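# Results of the structural survey
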Amino acid sequence: MSEIFKLFRVHQYIKNLFIFMPLLFSFSYSNLDNNLNTIIAFILFSIIASSIYIFNDLMDIKEDRAHPVKKYRPLASGKVSPKSAKMLILLLSLSSLGIALAFNAELFLVLFSYFILNIFYSIKLKHIAILDIFIIATGFVLRLFAGSVVTDISLSMWIILMTFLLAIFLALAKRRDDVLLSLEGQETRKNIDGYNLEFVNAAMVLMAGVVIVSYIQYTISPEVLSRLNTHYLYLTSFFVILGVLRYMQITFVEQDSGSPTKVIIRDRFLKLTIAFWLLSFIGIAKLI
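So, here's what we can say about the structure.

How each quantity is defined
Residues numbered from 1 in each chain as written. Predicted model: local features only at pLDDT ≥ 70, side-chain atom pairs only at ≥ 80, totals over all residues. Heavy atoms only, no water. Helix = DSSP H or I, 4+ residues; strand = E, 2+ residues; numbered from the N terminus. Rg over C-alpha atoms; globule rule 2.2 N^0.38 Å. Buried < 20%, exposed > 50% of the residue type's maximum accessible area, 1.4 Å probe, protein only. Contact = heavy atoms within 4.5 Å. Areas by Shrake-Rupley, 256 points an atom, 1.4 Å probe, with all protein chains shown as cover. Lys, Arg positive; Asp, Glu negative; His and termini not counted. Charge placed at Lys NZ, Arg CZ, Asp CG, Glu CD. Axes fitted to C-alpha atoms, helices over the stretch in contact; angles between N-to-C directions. Parallel < 35°, antiparallel > 145°, perpendicular 65-115°, else oblique. Left-handed = near helix turned anticlockwise from the far one by under 90°. Nonpolar A, V, L, I, M, F, W, Y, C, P; charged D, E, K, R; others polar.

### Overview of the overall build of the protein
Along its length, the protein carries 13 helices and zero strands. Moving toward the C terminus, one meets the helices and strands of the protein in the order α-α-α-α-α-α-α-α-α-α-α-α-α. Taken against the 2.2 N^0.38 rule, which gives 19 Å for 288 residues, the C-alpha radius of gyration of the protein at 19 Å falls within 12% of a compact globule. In terms of overall dimensions, the protein has C-alpha extents of about 55 × 50 × 30 Å along its principal axes. Counting only residues that meet the buried cut, the protein has 52% of its 288 residues in that class. In the protein, once contacts between residues fewer than 6 apart in sequence are set aside, the share between residues at least 24 apart is 70%. Of the roughly 14,100 Å² that the protein leaves accessible, carbon and sulfur atoms contribute 69%. With 26 positive and 19 negative side-chain charges, the protein shows a spacing of 5 Å between the two charge centroids.

### Observations regarding the environment of tryptophan 158
Here tryptophan 158 lies in helix α8 (residues 157–183). C-alpha of tryptophan 158 to C-alpha of glutamine 217: the two residues are 59 residues apart in sequence and 7.1 Å apart in space.

### A word on the packing of helix α7 (residues 131–149) against α8
Packing of α7 against α8 brings their axes to within 8 Å, and their N-to-C directions diverge by 140°. Between α7 and α8, the crossing angle belongs to the class labelled oblique. Seen along the crossing, α7 lies across α8 with a hand that is right-handed. Counted together, Asp132, Ile133, Phe134, Ile136, Ala137, Thr138, Phe140, Val141, Leu144 and Phe145 of α7 and Ile159, Ile160, Thr163, Phe164, Ala167, Ile168, Ala171, Leu172 and Arg175 of α8 form the full contact between these two elements. Considered class by class, the residues forming the contact of α7 with α8 number 15 nonpolar, two polar and two charged.

Rendered as structure tokens:
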């Protein structure tokens, strides 16, 4: 059972916190119905995401067995059979989609879109360089929409753009780790020939810059200034810049960007930066 549980990749659920972003940025978290609906969306998205993780592992058994870390995954190591994995995929995906359809039709469409997109990603599209990271970034945007449709909170175009660009930045950091492994002679992804260190480094620097600019544009946009009635939200950009630079330091200096989720979970500097950003964001919007 412990090996089956590992297939769910519960630590990856941190990505699904983007579902709460519409609540955060609209300051609607005092609405109990919106809170409950968002929690339900988070649970259903996590379930459908786990079915995709299992499907992806099923497609990647051969590649994972050649990977220095992924070879210990339950399917690659042989501790869970492909037949059991297929049953889990059906159980998780059908239960998530079925409950979503009964709960909120728009949420069902978001989850179904995420599921289909990632099925094609796992089968073929992840082997196409650049397109693979765009699909990953689209998944993060779909998380935003999941939180939006269950709360009827409209999304700022700057938040959508910033989320998309940040996801590309993180995906590039992960690809950089694959490039480093390939340079050491270890087999990684089939699409790694479409990347090299120079390209990934340049692309990450580019994405880091536009993520920061997108966030600053959000903080000074007329709709935000009008809704929050403050001109000081731009001060929170300090923590956004700090967080981006810290992640780049982990990637370029420490050479440790194989799993963005694990990096965020274990790095104290990043966790403190995110906490201070959140506190400053709420404090400025509510108190100033």
